[in-house]
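# Examining the three-dimensional arrangement
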Amino acid sequence: MSEEHFLTVHDPKTNTTIKVPINATFNTIPSSAFAGPQDCSNHSPSSLMNRQPLCASTILVNGHLPSKAENDNWTQAIMSHTYVHTELEKQMTTFRYDAHPMGMLIATIASLSTFHPDANPALQGDGMYMKPKGADAKQIAKATANRNRAIYRILGKVPTMASYAYRNRIGRTYNAPMPNCNNYAENFLYMIDKLNEPEYIPDARIVKILDKMFILLAEHGSNCSTITMRHLASSGVDPYTALSGSYGALFGERKAAAVMGMLHLIGTPSNVPQFLQLVKEKKCIHKNSSTGTLEFTEGGKPTRLQGFGHRIYKSMDPRVKIAKSLALELFELIGKGEMGDLALALEEAALADSWFQSRHLFTNIDFWTAIVFHTLGFPADMFPVLTAIPRTAGLVAHWQESLDDPEYKIYRPRQIFNGAFVRDYVGDRAGLDEVVGDDEAAAASVSDGYAKSLPAEANKRLSLNSGGIEEAKLAEFKNMIERTKHSIQELSALTGGSPTGSNKPPSPKSGYTKIGAWVMGKSSSNDLYASEKLAKTQKELQDLLQQQQELLELYMVHRSQQQQQSQNASPEKVVSKSPSLNKLNAP
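One numbering rule holds for all chains: residues counted from 1, following each sequence as written. Residues qualify for local features only when their pLDDT is at least 70, as the model is predicted, and side-chain atom pairs are given and counted only at 80 or more; totals for whole chains, interfaces and linings, by contrast, use all residues. Working from all heavy atoms in the structure, the side-chain values ignore hydrogens and water.

A few words now on the overall build of the chain. When helices and strands are counted, the chain shows 22 helices and 5 strands. Scored against the burial criterion, the 587 residues of the chain give a buried share of 44%. It only takes one pair of heavy atoms within 4.5 Å for two residues to be counted as in contact. Across the chain, contacts joining residues at least 24 apart in sequence account for 67% of those joining residues at least 6 apart. As displayed, the chain offers around 30,400 Å² of accessible surface, 52% of which is attributable to carbon and sulfur atoms. A helix here means a DSSP run of H or I that spans at least four residues, while a strand means a run of E at least two residues long, and both kinds are numbered starting from the N terminus. The classification of residues rests on relative accessible area computed with a 1.4 Å probe and restricted to protein chains. Under 20% of the type maximum is buried, over 50% is exposed, and intermediate values are partly exposed. A 1.4 Å probe and the Shrake-Rupley method give the accessible areas. Residues count as covered only by the protein chains that appear here.

Following this line, the structure appears as structure tokens:
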């Protein structure tokens, strides 16, 4: 494929560049280019359903489908690291009986780094996992061995720690990993379910279903947990600590556990139509405990339809069909139960409603994941743990991939500061009681140790103390305005000098290619979109400049008034009683 059939995308904020193939016939790019992959290294989820999770994990980490010998070696290496240190096991017993399992897993995986100081770059050297360009074979082999050892430990021990968290929740002693077991899901089910049976073996049908769920959840592109893993890894921290932080991103409120909370709120299939109508009206819904009917309160937080909709997919998530089939398979084995009937009724009603269809609110993976885990008998607070176990393979794959990025460096996203520019702290808080004057507004102007801000019409907060702002700070403020002006001039030059708000795309051969944000070999409709984005940014900068200039003008008026009042005020007074100052200090 020639160079002109690629779209080169450079992000100056993270200093990363990617190339996306362009369909020359339709002049389009694939929808997954920026949404992230939905499969394992170009293997669709459906093609992997007859394999085991460890096979999927080696595809993610190594980038190719393994041979039988490679898969056997990979499986053996991971399953030989399932045992944890006895001190780590004792540490987990110190959690409270009602500790959340995900909180236990996050804390335990972070503490795992203390048991393996040999895997910590802070102790062993920041290059222990790196393969820099031009490295000799010895250095590359050492880095590969260090990475593999960390990956084997993580993938082997996470199910063990997850099972301990579950057993702690139900008040039972921990089980050791299953002897002579090469199946990831089977080993996990053994550790959570075994009681005193001498030769307990999990049901093979349940193992197969959990195998498939683990493969579905192993990886899903650049989502929140993945970016957290990459962000932390860019600092050079050990993989256990980075993994702990990324687990925290799986612990949010809008996950599979929220689906079960919503279903319990609905209660019965007969309440589904009323629930959907109240959701459309953005009502805060609650259930009448005595009658079981749905009611709502005005002014509360609107109740969401959990398990529907996706930021990327505007149609059905391709994984949902497989997850639903697994739920139906479980219903045949175990039975639907009340939640199964309710889930089917809710999905049918929501997908048939034009209001939800017009907003692309289709069932997402969290909906049927929650039903599968609930049908298997897991409590809702175990859902994030059950998601974290398979997602670990994808996370360590991203960790390894980020280390090999030729532009590898610590992440530092840019921010636009919109808080208080200058806030002079009143150091002597005891002196606040000595404010002279009976004007309440003047006394309030130095409450909480800070001077009151200027008016809100400037859309900024600029704190002032009794003595005004020093000349150095005034100069700094003026310098800030000059820098904003300079940024506007630079942006105008980069966009080919087109006026703010203009929809005319700059020439690809002139200033547009200088920006380094969206660069193509030939002009297309994407240029217009990029130009509009640049014009919007330029407009925002000019609005910011105007606000800064308003602030400066207000301050100069205030200082002039303050100097005039100080000529008539006694030296003992701390706060001026000028009506104009009070007006400025009014919230």
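Inspection of the secondary structure puts A349 in helix α15 (residues 337-352). Distance in space between the C-alpha atoms of A349 and L276 is 8.4 Å, their sequence separation being 73 residues. Not counting residues up to four positions away in its chain, the partners in contact with A349 are V272 and L276.

Next up on the list: the pattern of salt bridges. Here, a salt bridge means any Lys or Arg side-chain nitrogen found within 4 Å of an Asp or Glu carboxyl oxygen. In total, this model carries 14 salt bridges according to the counting rule given. When the shortest N-O distance is used, the salt bridge between R205 and D203 registers 3.0 Å. Overall, D203 belongs to the partly exposed group, its relative accessible area being 35%. Of the charged contacts in the structure, one is a salt bridge between E298 and K283, with a shortest N-O distance of 3.1 Å. Of this pair, E298 sits in the loop between β4 (294-297) and α14 (320-334) while K283 sits in the loop between α13 (272-280) and β3 (284-287), and the two are 15 residues apart along the sequence. Look at E298 and you get exposed, because its relative accessible area is 61%. Taken together, the salt bridges that share partners define one network made up of D118, R149 and R153.

Attention now moves to helix α17 (residues 365-375). Judged by how many residues are buried, α17 sits mostly within the fold: 9 of 11 residues are covered. When we look at burial in α17, the residues that qualify are I365, F367, W368, T369, A370, I371, V372, F373 and T375. Next to the buried residues of α17 lie α9 (204-216), α12 (256-266), α14, α15 and α18 (383-403). In the analysis that follows, any N or O atom pair within 3.5 Å is treated as a polar contact, provided that within protein one partner can donate a hydrogen and the other can accept it, and provided that, for residues neighboring in sequence, both atoms belong to side chains. One side-chain oxygen at the N-terminal end of α17 lies 3.0 Å from the backbone nitrogen of D366; it belongs to N364. At the C-terminal side of α17, G377 shows a positive phi close to 100°.

It is worth spelling out the environment of S244 at this point. The residue S244 is located in helix α11 (residues 239-248) in this model. Look at S244 and you get buried, because its relative accessible area is 9%. The residues contacting S244, other than those within four sequence positions of it, are I106, I109 and A110.

The next thing to look at is the nonpolar core. As used in this record, nonpolar core signifies buried Ala, Val, Leu, Ile, Met, Phe, Trp, Tyr and Cys residues forming a set joined through side-chain atoms within 4.5 Å. With 103 residues, the main nonpolar core has F188, Y247, F275, L305 and L346 as its most contacted residues. When neighbours within four sequence positions are excluded, L305 is seen to be in contact with M262, F275, L276, V279, L346, A350 and F356.

All axes are obtained by fitting lines to C-alpha atoms, using only the stretch in contact for helices, and the reported angles, taken between N-to-C directions, cover 0 to 180 degrees. Close contact between α12 and α15 brings their axes to 10 Å; oriented N to C, the two are set at 95°. Our classification of the angle between α12 and α15 gives roughly perpendicular. Contact residues: α12 offers M260, M262, L263, H264 and I266, while α15 offers M339, L342 and L346. Classifying every residue of the contact of α12 with α15 gives 7 nonpolar, 1 polar and no charged. To sort the angles, those under 35 degrees are grouped as roughly parallel, those over 145 as roughly antiparallel, those from 65 to 115 as roughly perpendicular, and the leftovers as oblique. By the convention adopted, Pro, Cys, Tyr, Trp, Phe, Met, Ile, Leu, Val and Ala count as nonpolar, Lys, Arg, Asp and Glu as charged, and the other residues, Gly among them, as polar.

Only strands that DSSP links by at least two bridges are regarded as paired with each other. Bridge count for β3 against β4 is 4 bridges, and the pairing is antiparallel. Looking at the pairing, C284 lines up with T297 of β4. The antiparallel pairing of β3 with β4 creates a hairpin that spans 6 residues between the two strands, and G292 there sits at a positive phi of about 80°.

Another aspect to go through is unusual backbone geometry. Even without a glycine there, the phi angle at N180 is positive, about 50°. Relative to the assigned elements, N180 resides in the loop between α7 (137-169) and α8 (184-193). You will see that K282, though not glycine, has its phi angle at about 60°, which is positive.

Below, the discussion takes up the side chain of K157. For K157, the location among the structural elements is in helix α7. Asp and Glu are treated as the negative residues and Lys and Arg as the positive ones, with His and the ends of the chain left uncounted. Of the side chains with opposite charge, D118 comes closest to the buried, unpaired K157, at an N-O distance of 10 Å. For K157, the side chain forms a polar contact with the main-chain oxygen of Y83, separated by 2.5 Å. In this structure K157 touches H81, T82, Y83, V84, L112 and H116, once residues within four positions along its chain are discounted.

Scope: geometric values only; no functional claims are made or implied.
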